[in-house]
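# Residue-level structural notes
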Amino acid sequence: MSNEAIAQQLRELADLTDYVGDSPFKARAYRQAAHTLETLTTPIEAIAEQGVDALQAIPGIGEAIAEKIVAYLQTGVLPKREQLLSQVPHGVLEVMAVPGIGAKTAKLLHDRLGVRDLESLRHALLSGAADQLPGLSPHKRERLLRLLELQHKSQRRTPLGFALQRGQDLLRAVQQVQGVQQAQLCGSARRMQEDIGDLDFLVATELPEPTLEALLKLPEIHAVYAQGAHRAQAFLSDGLQVDFRATPPNHWGAGLVYLTGSKAHTIRLRQRAQQRGLKLNEYGVWRGDVCIASESEEAVYAALGLPCIPPPLREDAGELEAAEQGRLPQLLQPQHVRGDLQSHSNWSDGFNTLEEMAQTAAALGYDYLAITDHAHLLGEGGEWMTAFEQRRREIDALNEQYGGRPYLLDALEVNIRADGSLDAPEAMLHRAQLVLAGVHDAHGMPREQMTQRLLRALEHPAVDILAHPTCRRYGKRLANDADWERIFERARALGKAVEINGYPTRMDPPTPLARALVESGAWVSLGTDSHAARDLPAMTLAVGLAQRAWATPERVLNTLARDALLQWLADRRQQV
Ligand code: DGT
Ligand code: CA
Ligand code: CA
Ligand code: ZN
């Protein structure tokens, strides 16, 4: 239970008080108390432990509110809020949370137009029903509608790749804003979750209100949704929601832990603090009302007897136990990656030439880049082999020209047919330096059939890597079902690799499955599936997903130096 949670409840109590037409003085007192709580760094529980008197000693908190806080701390609810809530239409709180809609308007909207929640509010505005409502000027209606449309849009989740790009661009702008001492992108984006709800920025500042004010004036900010003493919510032009949270600079680390989450992870951290007679909130670790750790994340975790847990692991998926027992994985890092093992040139459906791909790969510092053009898109009408040979000569020439920096691998991605056979001539498969096999059609087969299909493809002697295993695509296709444990185990036994694909709309396999893959002990191959040179930096996403899967460098193919990779490939061929 944080101060902020109680503050939120008190604000809602104020809104409800206004709505039912109870004393405006009470409503004002609730709002004032909420503001006080939001600016208080000490956990309110720590103060409450010293008695109701200590609570009342806080400016802005009188006897009645002190009692409400105590009740909340004991029961987890504000009884008065519950009571009022039962008297009003459900959803009235979310309607009043819309900036520009006060209790009076909310009541009018309800009584005359039956507005009960955001959905019915949107409808009333869209249908023109709200046009006749007193106090709603056309200008205001338009503004409300725009906000609601943005809000509606932002309920969709955004693939990490797109959100991270927007987030990192915005972060650079945020860091330049006056009053911002430090800034960091937190939340699910920092945990590298495959898709994200909104972008959360933590900013360290001595002057929260003017700094938030300045942040909301950034040209990237399209519309402001809410603005408080320490938080603001806004939308970018594409509808992506942004949350800003200000923290005093000396509470930076605790702010990072809180805002990075996940919620499940921080709940476990709070329980752990409690077991040690401590309290954890967004400002620090507290013994009574004394803050014992807050400046860095390391300090916060250390105060709880733990090493700092990397953000991609913070999901309450065993990371606390591992940290406790000193067996956190030494995670794969971006700098371990020596090259990309899936990319396409304009020899198949890629946008760029081999040379352009090579140049970007060189700029990324890669030792190698596998050009995995789709076998069936090479050449036309049975001329696959001719085109393949031509491509090889061009690859050889570039490897000579660039002195192998990067070294281009003469590779292929081959389609796995419905029966598990491969859609490419055998001679071609055996001549390629590296072969990825992947499903590109006949998706959604029954589980056992899909399992047999993938197993058969894996068994093919020329296949090195199973590409994008589940074939899920954001907004387009669900993951295929198969007995993944069996498939990963077979890959391990065959000494072959399974891909973690970082293409923004793929991110395949999803976290839990990627973790099962890593646990299976099979080789992991990282690929961006780039269809243009500008896609190659998506390796960051593949690494993020591998980290969420607890991958260490050891079994990741891309960490091998060029010669070791070539040796690995040669060993595969010899086993045949
Ligand atoms: P998202 O945006 O849905 O992809 O997921 P997150 O993890 O970014 O969640 P978000 O944006 O709702 O909140 C950001 C972080 O703030 C979250 O990871 C943990 C923290 N947080 C938010 N609400 C709560 C809460 O009610 N309790 C706790 N302990 N932490 C919260
Ligand atoms: Ca978020
Ligand atoms: Ca958020
Ligand atoms: Zn593919």
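Structure shown above.
An account of the accompanying structure is given in this report. (Residues numbered from 1 in each chain as written. Chains lettered and ligands numbered in written order. Predicted model: local features only at pLDDT ≥ 70, side-chain atom pairs only at ≥ 80, totals over all residues. Heavy atoms only, no water.)

Taken as a whole and assessed by the stated rule, the structure comprises 1 cavity of 30 Å³ or more. In this model, the largest cavity occupies a volume close to 30 Å³. Of all the secondary structure elements, the ones that give two or more residues to the lining of the largest cavity are α14 (252-260), α15 (263-275) and β8 (279-281). The element that contributes the greatest number of residues to the lining of the largest cavity is α14, accounting for 3 residues. In terms of residue class, the lining of the largest cavity is built from 4 nonpolar, 2 polar and 2 charged. (1 Å grid on protein atoms, 1.4 Å probe; cavity = no way out; pocket = protein on both sides within 12 Å on 5 of 7 lines; lining within 4 Å. Points joined across faces, edges and corners; volume = space filled by probe spheres on them. Helix = DSSP H or I, 4+ residues; strand = E, 2+ residues; numbered from the N terminus. Nonpolar A, V, L, I, M, F, W, Y, C, P; charged D, E, K, R; others polar.)

Turning our attention to the pattern of salt bridges. When their charged atoms lie close together, side chains carrying opposite charge are able to pair. Counted under the stated rule, the structure contains 45 salt bridges. The partner of Arg157 in a salt bridge is Asp195, and the shortest N-O contact between them spans 3.4 Å. On the criterion of sequence distance, the pair formed by Arg157 in the loop between α10 (138-153) and β1 (158-159) and Asp195 in strand β3 (residues 195-196) is long-range, its members being 38 residues apart. Asp195 gets classed as buried once you look at its relative accessible area, which sits at 18%. Note that Asp481 is salt-bridged to Arg447, the shortest N-O span being 3.0 Å. Note that Asp481 is positioned in the loop between β15 (465-466) and α22 (484-494) and Arg447 in helix α21 (residues 447-459), a separation of 34 residues in sequence. Salt bridges sharing common partners tie together Arg191, Glu194, Glu315, Arg472 and Arg548. (Salt bridge = Lys/Arg side-chain N within 4 Å of Asp/Glu carboxyl O. Buried < 20%, exposed > 50% of the residue type's maximum accessible area, 1.4 Å probe, protein only.)

Distances from the zinc ion (ligand 4) to its protein donors, Glu413 (OE), His440 (NE2) and His468 (NE2), fall at 1.9 to 2.2 Å. Of note, the zinc ion (ligand 4) draws all its donor residues from one chain, in the sequence arrangement E-x26-H-x27-H. Of this pair, Glu413 sits in strand β13 (residues 407-415) while His468 is found in the loop between β15 and α22, placing the two residues 55 residues apart along the sequence. Note on Glu413: relative accessible area 1%, which makes it buried. (Donors = N, O, S within 2.8 Å, 3.2 Å for Na, K, Ca; no water.)

Distances from the calcium ion (ligand 3) to its protein donors, namely Asp198 (OD), Asp198 (OD), Asp200 (OD) and Asp243 (OD), fall within the range 2.3 to 2.8 Å. Sequence positions of the donors to the calcium ion (ligand 3) reduce to the motif D-x1-D-x42-D. Between the two metals, the calcium ion (ligand 3) and the calcium ion (ligand 2), the spacing is 3.7 Å, and Asp198 donates to both. Highlighted residues: Asp200 in strand β4 (residues 198-204) and Asp243 in strand β7 (residues 241-247), separated in sequence by 43 residues. Under the relative-accessibility criterion, Asp200 is labelled buried at 11%. Note on Asp243: relative accessible area 9%, which makes it buried.

Another aspect to go through is the sheet that holds β8. Strand order in the open sheet made by the 3 strands is β8-β9-β10, with antiparallel pairing throughout. Only two strands of the sheet have a single partner each, and these edge strands are β8 and β10 (290-293). Neighbour-to-neighbour, the strand axes of the sheet open up by a mean angle of 40 degrees, direction not taken into account. Two strands pair when backbone bridges link them, and β8 and strand β9 (residues 284-287) are joined in this way by 3 bridges, in the antiparallel orientation. Bridging across to β9, Lys279 finds its partner in Trp286. (Pairing = 2+ DSSP bridges. Axes fitted to C-alpha atoms, helices over the stretch in contact; angles between N-to-C directions.)

Take the packing of α21 against α22 next. Axis separation between α21 and α22 bottoms out at 10 Å; the angle between their running directions is 10 degrees. When the interaxial angle is binned, α21 and α22 end up roughly parallel. Across the interface between the two elements, Glu448, Thr451, Gln452, Leu454, Leu455, Leu458 and Glu459 of α21 pack against Trp484, Arg486, Ile487, Arg490, Ala491 and Leu494 of α22. For the contact of α21 with α22, the per-class residue count stands at 7 nonpolar, 2 polar and 4 charged. (Parallel < 35°, antiparallel > 145°, perpendicular 65-115°, else oblique. Contact = heavy atoms within 4.5 Å.)

Structurally, Ser294 is set in the loop between β10 and α16 (297-303). Within the structure, Ser294 has its side chain in polar contact with the backbone oxygen of Asn250 (distance 2.7 Å). Excluding residues that lie within four positions of it along the chain, Ser294 makes contacts with Asn250, His251, Trp252, Gly253, Ala254, Tyr283, Gly284 and Val300. (Polar contact = N/O pair within 3.5 Å; in protein donor to acceptor, adjacent residues only side chain to side chain.)

Structural measurements only, silent on function.
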